[in-house]
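Structure assessment
The residues making up each chain are set out below.
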Amino acid sequence: MFTARNDLCRNSLVPTHSLAKIDLSGGNITISWYNEEWLIGLFNKNKIRIAHERVPYDPDLKDPESMQVILTAQTGELQKFIIKYGNDPGSIQK
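Let me begin by describing the structure that accompanies this report. Please read all numbers here as calculations on a predicted model, not as lab measurements.

Some thoughts on a nonpolar patch on the surface
Taken together, the side chains of Ile22, Leu24, Ile29, Ile31 and Trp33 make up a nonpolar region of the molecular surface, amounting to roughly 570 Å² of accessible area. Here the element with the most residues in the nonpolar patch is strand 2 (residues 28-33); it accounts for three residues. Within the element layout of this structure, Trp33 appears in strand 2. Residue class for Trp33 comes out partly exposed when judged on its relative accessible area of 44%.

Section: the layout of surface pockets
By volume, the largest pocket amounts to about 740 Å³. Residue lining of the largest pocket: 25 residues in total, with His17, Ser18, Leu19, Ile70 and Leu71 positioned closest to the centre. Elements with a contribution of two residues or more to the lining of the largest pocket: helix 2 (36-44), strand 4 (67-71) and helix 3 (75-85). With five residues, helix 3 is the largest single contributor of residues to the lining of the largest pocket. Tallied by class, residues from the lining of the largest pocket come to 14 nonpolar, ten polar and one charged.

Here we look at unusual backbone geometry
Non-glycine residue Asn46 carries a positive phi angle of around 55°. Along the chain, Asn46 turns up in the loop between helix 2 and strand 3 (52-56). Asn46 gets classed as exposed once you look at its relative accessible area, which sits at 67%.

Rules used throughout
Residues numbered from 1 in each chain as written. Predicted model: local features only at pLDDT ≥ 70, side-chain atom pairs only at ≥ 80, totals over all residues. Heavy atoms only, no water. Patch = residues over 30% accessible without salt bridge, like charges linked within 9 Å, V, L, I, M, F, W, Y side chains within 5 Å. Areas by Shrake-Rupley, 256 points an atom, 1.4 Å probe, with all protein chains shown as cover. Salt bridge = Lys/Arg side-chain N within 4 Å of Asp/Glu carboxyl O. Helix = DSSP H or I, 4+ residues; strand = E, 2+ residues; numbered from the N terminus. Buried < 20%, exposed > 50% of the residue type's maximum accessible area, 1.4 Å probe, protein only. 1 Å grid on protein atoms, 1.4 Å probe; cavity = no way out; pocket = protein on both sides within 12 Å on 5 of 7 lines; lining within 4 Å. Points joined across faces, edges and corners; volume = space filled by probe spheres on them. Nonpolar A, V, L, I, M, F, W, Y, C, P; charged D, E, K, R; others polar.

Note that all results are geometric; they support no functional claim without further evidence.
In structure tokens form, the structure reads like this:
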């Protein structure tokens, strides 16, 4: 049974996914986050069309350079995107 406090927390959360590449080799697990600058570059060059929103990292800043990209596409569209671009050398943060 949820208390009022737990209900408030549960109802305030937005279910999202994180986009990372997982490498399982040599008995190690490596997690590599996707490169947001690479992703923004694809959007700016009109190389991709996938549902997304650009929101500021800091709500007080409206500078386009301080924006992050949140992919809002449906699961199938996201999966197609990952299959097509997942091995692009620029896609992983360094």
